[in-house]
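Coordinate analysis (summary)
The residues making up each chain are set out below.
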Amino acid sequence: MASLASYTTLYVTAIGLDGEPDLKHIVAVRWDPGSLDPEESSIADFVRWLDQGAGRAFVRRTDGTRGSLVRVNSDGTRRYLRSHTDDVSKQDELLLLPTWQLTRSSRRHSRSH
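A brief look at the structure comes next. (Residues numbered from 1 in each chain as written. Predicted model: local features only at pLDDT ≥ 70, side-chain atom pairs only at ≥ 80, totals over all residues. Heavy atoms only, no water.)

1. Some thoughts on the pattern of salt bridges
For the structure shown, the criterion picks out six salt bridges. D75 is paired through a salt bridge with K24; the nearest N and O atoms lie 3.0 Å apart. Of this pair, D75 sits in the loop between strand 5 (66-74) and strand 6 (79-82) while K24 sits in the loop between strand 1 (9-17) and strand 2 (26-32), and the two are 51 residues apart along the sequence. Among the salt bridges present, the one from R48 reaches D45, with a minimum N-O distance of 2.7 Å. Pair noted here: R48 and D45 are both in helix 1 (residues 43-51), with a separation of three residues, about one helical turn. The class for R48 is partly exposed, based on a relative accessible area of 45%. (Salt bridge = Lys/Arg side-chain N within 4 Å of Asp/Glu carboxyl O. Helix = DSSP H or I, 4+ residues; strand = E, 2+ residues; numbered from the N terminus. Buried < 20%, exposed > 50% of the residue type's maximum accessible area, 1.4 Å probe, protein only.)

See below:
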């Protein structure tokens, strides 16, 4: 299992949602350093990694090309990820990635591992 701290550049390939497809409902990300199998991290761990300035992350578009830079945003009470709005769909590129739904029970279960 890889550690976020081991990398300076990562590609976000999918997002885990708890609720509707919205940036503030992203609770996990699947990322790929480009050379290993994809890994998953909680949103809190990923935000912390970006905040520390140890690395940067980009969206990996479904066609495999590098998308926009992923950054941390805040609404004053909550910190969340965002990238750049896609010109065609007018949605944040993160929301165009494949998704998986996380439920409260699966989040509790995943924390115990």
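Text resumes after the structure shown.
2. Quick word on the nonpolar core
One finds V12, V29, F46, L81 and L94 to be the most contacted residues of the largest nonpolar core, which totals 23 residues. Looking at which element gives the most residues to this core, the answer is helix 1, with five residues. In this structure L81 touches L23, V29, I43, F46, V47, L50, V70, R71, V72 and L94, once residues within four positions along its chain are discounted. One finds A14, V27, A28 and W100 within the second-largest nonpolar core, a separate group that totals five residues. (Core = buried A, V, L, I, M, F, W, Y, C linked by side-chain atoms within 4.5 Å. Contact = heavy atoms within 4.5 Å.)

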